[in-house]
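Summary of structural features
Okay, here's what each chain looks like letter by letter:
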Amino acid sequence: MKNKNRKYSYITSYNDIQAELMQLGYKSRISKKELEIRSLQLKHDLHPVRLIPSLMVQWATPMLFEMRNQMIDLLLKLISTNKNEKS
């Protein structure tokens, strides 16, 4: 009358229950430690000393490219006006 669809159908004795309980305890500890590690990594990444320069680089890069493009456009206009004045 064993139900083959049960999750713990392989448990047949008290020793099996103890082994399963120990394994689940280990899995629980591993999950907790992984969560602690992720929390420490997040705290490390969000620390203001590292976060502010990182954000500045992310924000400044597009602005610098835009500024560079505007400078190039301005220089090209100046060059073209100088050529037109000389002609």
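These numbers were taken from a predicted model, which means no experiment stands behind them.

1. Some words on the side chain of Glu20
Within the secondary structure layout, Glu20 lies in helix H1 (residues 14-45). Lys27 provides the closest opposite charge to the buried, salt-bridge-free Glu20, at an N-O distance of 5.7 Å. Here Glu20 is in contact with Tyr8, Tyr10 and Ile11, once residues within four sequence places are set aside.

2. Focus: the pattern of salt bridges
Where charged atoms of side chains with opposite charge meet at close range, the side chains can pair. Applying the stated rule across the entire model yields one salt bridge. Between Lys33 and Glu36 there is a salt bridge, with its nearest N and O atoms 3.7 Å apart. Placement of the pair is Lys33 and Glu36 together in helix H1, with a separation of three residues, close to one helical turn.

Rules used throughout
Residues numbered from 1 in each chain as written. Predicted model: local features only at pLDDT ≥ 70, side-chain atom pairs only at ≥ 80, totals over all residues. Heavy atoms only, no water. Helix = DSSP H or I, 4+ residues; strand = E, 2+ residues; numbered from the N terminus. Buried < 20%, exposed > 50% of the residue type's maximum accessible area, 1.4 Å probe, protein only. Lys, Arg positive; Asp, Glu negative; His and termini not counted. Salt bridge = Lys/Arg side-chain N within 4 Å of Asp/Glu carboxyl O. Contact = heavy atoms within 4.5 Å.

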